[in-house]
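What follows is the residue order along each chain.
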Amino acid sequence: MFLPPARSRIFKIIVIGDSNVGKTCLTYRFCAGRFPDRTEATIGVDFRERAVEIDGERIKIQLWDTAGQERFRKSMVQHYYRNVHAVVFVYDMTNMASFHSLPSWIEECKQHLLANDIPRILVGNKCDLRSAIQVPTDLAQKFADTHSMPLFETSAKNPNDNDHVEAIFMTLAHKLKSHKPLMLSQPPDNGVTLKPEPKPAMTCWC
Ligand SMILES: Nc1nc2c(ncn2[C@@H]2O[C@H](COP(=O)(O)OP(=O)(O)OP(=O)(O)O)[C@@H](O)[C@H]2O)c(=O)[nH]1
């Protein structure tokens with residue numbers, strides 16, 4: 001008897017933070033395995049997806065790369081937060097203002113997310129720009145502790161950090177596996193224009 005293959009469970013993760021902190025580059029690094037050749041300011045939301053295998057189960061990680069610029073996100077905000085399984089807050093380690101913006105991103109999240117127990121992580125990006133770093137690790141760690149989030153410092157650009165970017169999203173994926181995810185056969189259509197990336201050939205990092 002022919003049995004159709006089981007559909008993968010899908011987890012929706014939103015990536016938020018100020019404009020220019022590297023949200024697009026981080027999501028691209030995880031889904032395509034490399035730094036993008038060029039990026040432009042995200043308008044509304046971009047969407048990337050990657051299938052991974054955890055403990056023998058294939059799951060799909062759907063990354064919602066949101067616009068950091070207020071004028072590009074206004075009308076979209078309610079769509080980002082629908083059915084979210086996890087949140088990644090990103091700041092730029094070379095830009096203190098992006099770190100100081102984090103409380104307002106956390107507040108926005110609080111206003112839109114119904115469940116309080118959604119996994120959240122904090123990512124300081126651009127650690128490759130060593131001489132330009134403005135946000136000390138101990139300050140970021142204190143902030144992360146206050147908000148009960150794990151902190152990761154990484155670089156979407158430095159190829160040596162590829163494994164680290166992997167680890168960040170895979171840590172989330174492991175956490176989510178024990179949560180109750182959405183079962184979807186295609187990206188949700190909430191009236192948002194989603195731009196799927198070409199499917200990269202990826203293997204799972206474990
Ligand atoms: N040196 C360095 N530059 C980075 C890194 N990540 C991103 N950038 C650069 O930072 C700039 C902004 O990156 P994006 O990924 O487009 O930033 P974003 O947060 O998605 O910006 P919005 O779409 O406006 O919200 C680009 O010029 C990237 O090349 C990194 O890890 N290191």
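Small disclaimer: the values here were computed from a predicted structure and weren't measured.

A. View of the sheet that holds strand 6 (residues 151-153). The 6 strands lie next to each other as 2-3-1-4-5-6, forming an open sheet whose pairing is mixed. Pairing within the sheet leaves two strands with one partner each, and these edge strands are strand 2 (45-54) and strand 6. In this sheet, neighbouring strand axes are inclined to one another by 25 degrees on average, regardless of whether the strands run parallel or antiparallel. Those strands touched by helix 4 (residues 102-112) are strand 1 (9-16) and strand 4 (86-92), and its axis lies near 165 degrees from that of strand 4.

B. View of the site of the ligand. As a matter of local geometry, the ligand sits amid 20 residues, with Gly22, Thr24, Thr42, Gly68 and Lys157 nearest to it. With 3 residues, the top contributor of residues to the shell around the ligand is helix 1 (residues 23-32). Of the residues in the shell around the ligand, the class split is 6 nonpolar, 10 polar and 4 charged.

C. Quick peek at the pairing of strand 2. Bridge count for strand 2 against strand 3 (residues 57-66) is 10 bridges, and the pairing is antiparallel. Its bridge partner lying in strand 3, Glu49 is registered against Gln62.

D. The confidence of the model for the chain, seen in detail. Of the residues in the chain, 83% have a pLDDT of 70 or more, and the chain-wide mean is 83. Interface confidence for the predicted complex, expressed as ipTM, amounts to 0.99; the pTM equals 0.86.

E. A look at the packing of helix 1 against helix 6 (residues 162-177). Two elements in contact, helix 1 and helix 6, have axes whose closest approach is 9 Å; the angle formed by their N-to-C orientations is 90 degrees. Comparing the axis directions of helix 1 and helix 6 gives the class roughly perpendicular. Contacts from Leu26, Arg29 and Phe30 in helix 1 reach Asn162, Val165, Glu166 and Phe169 in helix 6. Partitioned by chemical class, the residues of the contact of helix 1 with helix 6 number 4 nonpolar, 1 polar and 2 charged.

Here is what the cut-offs are and how they apply
Residues numbered from 1 in each chain as written. Predicted model: local features only at pLDDT ≥ 70, side-chain atom pairs only at ≥ 80, totals over all residues. Pairing = 2+ DSSP bridges. Helix = DSSP H or I, 4+ residues; strand = E, 2+ residues; numbered from the N terminus. Axes fitted to C-alpha atoms, helices over the stretch in contact; angles between N-to-C directions. Contact = placed C-beta atoms within 7 Å. Near = placed C-beta within 6 Å. Nonpolar A, V, L, I, M, F, W, Y, C, P; charged D, E, K, R; others polar. pLDDT = per-residue confidence, 0-100. Parallel < 35°, antiparallel > 145°, perpendicular 65-115°, else oblique.

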